Structures are given as C-alpha cells and as structure tokens.
Amino acid sequence: MVSSFSARSRAIEPFHVMALLARANELQAAGHDVIHLEIGEPDFSTAAPIVAAGQAALAAGHTRYTAARGLPQLREAIAGFYASRYRLAIDPERILVTPGGSGALLLASSLLVDPGRHWLLADPGYPCNRHFLRLVEGAAQLVPVGPQSRYQLTPELVNAHWNQDSVGALLASPANPTGTLLHKDELAALSQALKARGGHLVVDEIYHGLTYGVDASSVLEVDDEAFVLNSFSKYFGMTGWRLGWLVAPPEAVGELEKLAQNLYISAPSMAQYAALACFEEGTLAILEQRRAEFARRRDYLLPALRDLGFGIAVEPEGAFYLYADISAFGGDAYRFCQHFIETEHVAFTPGVDFGRYQADHHVRFAYTQSLERLEQAVERIARGLKSWRP
Ligand SMILES: Cc1ncc(COP(=O)(O)O)c(C=O)c1O
C-alpha cells in the first residue's frame, strides 16, 4: 500500500522530535512535570489587541475569501512597517499575504525552482525548506556550516558549492536552529555573489523583530530584487492564525498571484483582519516587552548551558533558540535527548531535525518558557548530566 504513495511524499522526513514529544506527552499524562524546550513557537498567547481585532472581524462577518494577494489594507500596513522599521519604501503591490511563512515558501519555491534544480541551503537549517524543494521536484544542496561562518552561508561557500543545477540560495536571518544573523554587509556580499552567478536570492526573515541588542537588516536594504519570506507567527505571536507574507520583485507578482489562487485561494480572512492590529502602537509596545523577555531568557540560558559544558561557540543574536554541541558529554544526540526526557522530564530537539552536518552531536534548546521554568530546566539538566552514560 505504502509503495503506492508518491516518491515525493516518501522522501519527506518527519520531525524526529515528534517521537520524543509523544513520549514527553505520555509522561505528562502520567502526572510528570515536563519542561518543554523543544517547541519553536512563543509561549505567549496572541496579544490582546490582535485577538480583539480577530473577534471583531468574525462578528462583522469577515469570514469569506479575500483577494489572493491579501487584503489591500494589510499589504499597505506591511509596507508601512517596512517604512517605519527599516526606512524602506516597498510598494504594497510587491507584497503577497500568505498562509504563514510556509505559504510564502511554497509560492517562492513553486515560482523559482524547476525539476532537478537546486537551492543552496545552510546545514543545519530549518528542515521544511529542503522538503518544500523536494515537493516542487527540485532539491536542496545542503552546505555544511559551522561556527567559522556563524552557521551562515558566505560568498566563498556559495562559490565553492555552486554547480550547473544551482539556481539560487535560501538564507535565513535570524536562523533556526542557530539564532545567528546575517548583517547588512554580509547580505550585500551574498547578493553580489548570487548575482554574479545569475542565481536568485531568497531570504527568510521570519524571526525579524526577535533580535537582542541589535536590529536585523532586511536583505531589501541591499538588494531590491531579492525575495523575502516573513511571518506573523513569531514576533507577532500568531502561530496558529497561519499568516505570513512574501515580498517579491514587481515582475514576479502576477505569476505569484496565479500560484496563490490555485494553491490556497487566499490566506485566512479572519487572521488578516486581526493582523491589521499588529502595527498599532499599543500592540507593538506589548511585542517589544515580549522581545525584552526573550532577551532576558537568552541572557540567562546561554551562560548557564555553557557553564554546564554545552558548546555554544557563537552567541545567537536572534530567534529563540540555542544550538549546542554536546561533544563534551559524548554519545549520540538523539539518545541524549531521550535520556533527559526519561530521567529529568526536560524535552529538547536533536540535531538530526536540522540536517546532517554534525547533527549527531548537537541539540537545540528553545527558550519558549518562563525564566523560572528555564532555571528549573537547568537544575534538572545539571542533574541529568551526572547520570548520562554515552
Ligand atoms: C526558519 C523558519 N522558517 C519558516 C517557518 C514557518 O513558520 P510559519 O509558517 O508559522 O510562518 C518556521 C517555523 O518554525 C521557521 O523556523
């Protein structure tokens, strides 16, 4: 039976952490107090003004499809955000509102990747990227990256890995799982390297807003032709509303609109109306408080894990993840994660979920829990290390 399912579907791996999560949930159901550091979404629920706007939209009957590109007023509000945050004039006509950043990725990969063609992707990286490429019959060309390049692609790496099948690169800043940024000069250099090769540049900026001590530059500050994926999920705290956006060069918009009409018709209308409240001053004040809270958590967890012997060579400047080398403790990362779930009821994600390069001795911690819970987690991890047998 299974062999009758498509090769494309069979090639897509599940999130390995799901098996660990199932076990964590079993333990929780049996009455154990599990600390979840594996979850890649903010622990805060959606800010009250956004929820109120969503409720008002429902009450007003905004329950139908919208235009495939999204509500014009939301696209204008997003353009306004680029003006105020980045001092960038982006024509709202270049913005497509999508079902999550995932929808933006679906559009971009459908538009830009022919069968057999590749995008260069950093390994470790967000796992769904390579799966989206597989879905459109293209492929990911995984480029091993480490602390030397702060886990990011560089022009040298692009040049070294480019081959006749490569058509572009997908970067992420801040990146998942490492939380590292690409700064403006680095984005400019990468843009030049790709232009020199005739390749296109796609940048995932969905963790923008969640940076600590530094503001992230958008690739659009240095390359007006780049494609940008963004989302209301992370900084705006709307994971379950399924809303994101894509900024594309003007000549691509008609084609993308056609794809959007066919792939999903429109992003959820209720969510789009709710998102209009994201850019109000009062909402942004709440989001900035949350950002400050994430910064406090990072500032606590990073040194605490380093003190325990985890290798975190590069200080992450954004997102809410710490990607840690466990070589000092020996053994395989997946078993290491299992050990901490079973013995200390702390869940985090094995490196295998983010690629292949050195995945067996890396894990990702998400600081999507309160400071108090993180302190408890660190105590438990310290204890669990004593009983760990590689
Ligand atoms: C790097 C990255 N890109 C894209 C996504 C997709 O998020 P969403 O579809 O909720 O916007 C995620 C989610 O975790 C992510 O980490």
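Note that the structure is predicted; figures quoted are calculated from it, not measured.

A.B. asks: Account for the UniProt feature "domain: Aminotransferase class I/classII large" (unreviewed entry) in the protein chain, naming residues and giving values.
C.D. replies: According to UniProt, the "domain: Aminotransferase class I/classII large" (unreviewed entry) feature falls on residues 33-381. Taken end to end, residues 33-381 is 40% helix and 15% strand, and its two terminal C-alpha atoms sit 14 Å from one another.

A.B. asks: Please provide a residue-by-residue account of the site of the ligand, values included.
C.D. replies: In the vicinity of the ligand, the residues found are Gly100, Gly101, Ser102, Tyr126, Asn176, Asp204, Ile206, Tyr207, Ser231, Ser233, Lys234 and Arg242. Asparagine 176 places a polar side-chain atom, nitrogen or oxygen, 2.9 Å from an oxygen atom of the ligand. One of the side-chain nitrogen or oxygen atoms of tyrosine 207 is found 2.7 Å away from an oxygen atom of the ligand. Protein chains bury 91% of the 400 Å² of accessible surface belonging to the ligand in isolation. The cavity where the ligand resides is the largest pocket. Sorting elements by how many residues they give to the shell around the ligand places helix H5 (residues 100-112) first, with 3 residues.

A.B. asks: Report on the domain arrangement of the protein chain, specifying residues and quantitative values.
C.D. replies: Looking at the assigned domains, one finds that the protein chain contains domain 1 (7-45 + 283-387) and domain 2 (48-280). Taking only C-alpha atoms into account, the centre of domain 1 sits 25 Å from that of domain 2. Each side of the interface is counted separately: domain 1 has 36 residues, and domain 2 has 46 residues. Summed over both sides, the interface between domain 1 and domain 2 buries roughly 3,600 Å², with carbon and sulfur atoms accounting for 58% of that surface. Put simply, domain 1 and domain 2 have 4 salt bridges between them. A salt bridge links arginine 130 to glutamate 13, with the shortest nitrogen-to-oxygen separation between them at 3.3 Å. Where domain 1 packs against domain 2, one counts 23 residue pairs in polar contact (both at pLDDT 80 or more). Breaking the side of domain 1 that touches domain 2 down by element, the ones donating at least two residues are helix H1 (7-10), helix H11 (281-308), strand S9 (321-325) and strand S12 (362-366). Tallying contributions element by element places H11 first for the side of domain 1 that touches domain 2, with 9 residues.

A.B. asks: Account for the packing of aromatic side chains, with residues named and values stated.
C.D. replies: Applying the stated criterion to the full structure yields 27 aromatic pairs. Taken together through their ring pairs, the aromatic side chains of Phe81, Tyr82, Tyr86, Phe232, Tyr235, Phe236, Trp245 and Phe279 make up a single cluster.

A.B. asks: Could you give me a rundown of the layout of surface pockets, with the residues and numbers involved?
C.D. replies: Taken as a whole, the largest pocket holds about 680 Å³ of empty space. Contributing to the lining of the largest pocket are 34 residues, with Phe15, Gly40, Tyr126, Asn176 and Lys234 lying nearest its centre. Elements with a minimum of two residues in the lining of the largest pocket: helix H2 (17-29), H5, helix H6 (127-135) and strand S7 (227-231). For the lining of the largest pocket, the element with the highest residue contribution is H6, accounting for 4 residues. Broken down by class, the residue content of the lining of the largest pocket amounts to 18 nonpolar, 9 polar and 7 charged.

Quick notes on the rules
Residue numbers restart at each chain and count upward from 1, following the sequence in its written direction. With pLDDT at 70 or above as the cut-off, local features in this predicted model cover only qualifying residues; side-chain atom pairs require 80 or more to be listed or tallied, and sums for whole chains, interfaces and linings still use all residues. Side-chain descriptors were evaluated using all non-hydrogen atoms of the structure, hydrogens and water having been removed beforehand. UniProt positions are given in the numbering used here, feature names are shortened, and annotations may be inferred rather than shown by experiment. Note on conventions: DSSP H or I runs of at least 4 residues are helices, E runs of at least 2 residues are strands, and numbering of each starts at the N terminus. The rule for a residue being near a molecule or strand is that one of its heavy atoms must lie within 4 Å of it. Two N or O atoms count as a polar contact when they lie within 3.5 Å, although within protein this holds only if one can serve as hydrogen donor and the other as acceptor, and sequence-adjacent residues are included solely when both atoms are side-chain atoms. Every accessible area reported is derived by Shrake-Rupley at a probe size of 1.4 Å, with residue values counting cover from the shown protein chains alone. Grid points spaced at 1 Å over the protein atoms alone were grouped into cavities, where a 1.4 Å probe fits but cannot get out, and pockets, open sets with protein on both sides within 12 Å along at least five of seven lines, with lining residues defined by an atom within 4 Å of a point. To qualify as sitting in a cavity or pocket, a molecule needs more than half of its atoms within 2 Å of the grid points. Bear in mind that the domain bounds are from an automatic or database domain assignment. In this description, contact between two residues means that some pair of their heavy atoms is separated by no more than 4.5 Å. Defined here as a combined quantity, buried area equals the accessible surface (1.4 Å probe) lost by two parts on assembly, summed across both. The salt bridge criterion pairs a side-chain nitrogen of Lys or Arg with a carboxyl oxygen of Asp or Glu, the two atoms within 4 Å. When two rings of Phe, Tyr or Trp (its six-membered ring) have centres within 6.5 Å they constitute a pair, described as stacked for plane angles under 30 degrees, edge-to-face for angles over 60, and tilted for the intermediate range. Grid points are joined across faces, edges and corners, and a volume is the space filled by probe spheres set on the points. Residues are sorted three ways: Asp, Glu, Lys and Arg are charged, Ala, Val, Leu, Ile, Met, Phe, Trp, Tyr, Cys and Pro are nonpolar, and all the rest, Gly among them, are polar.

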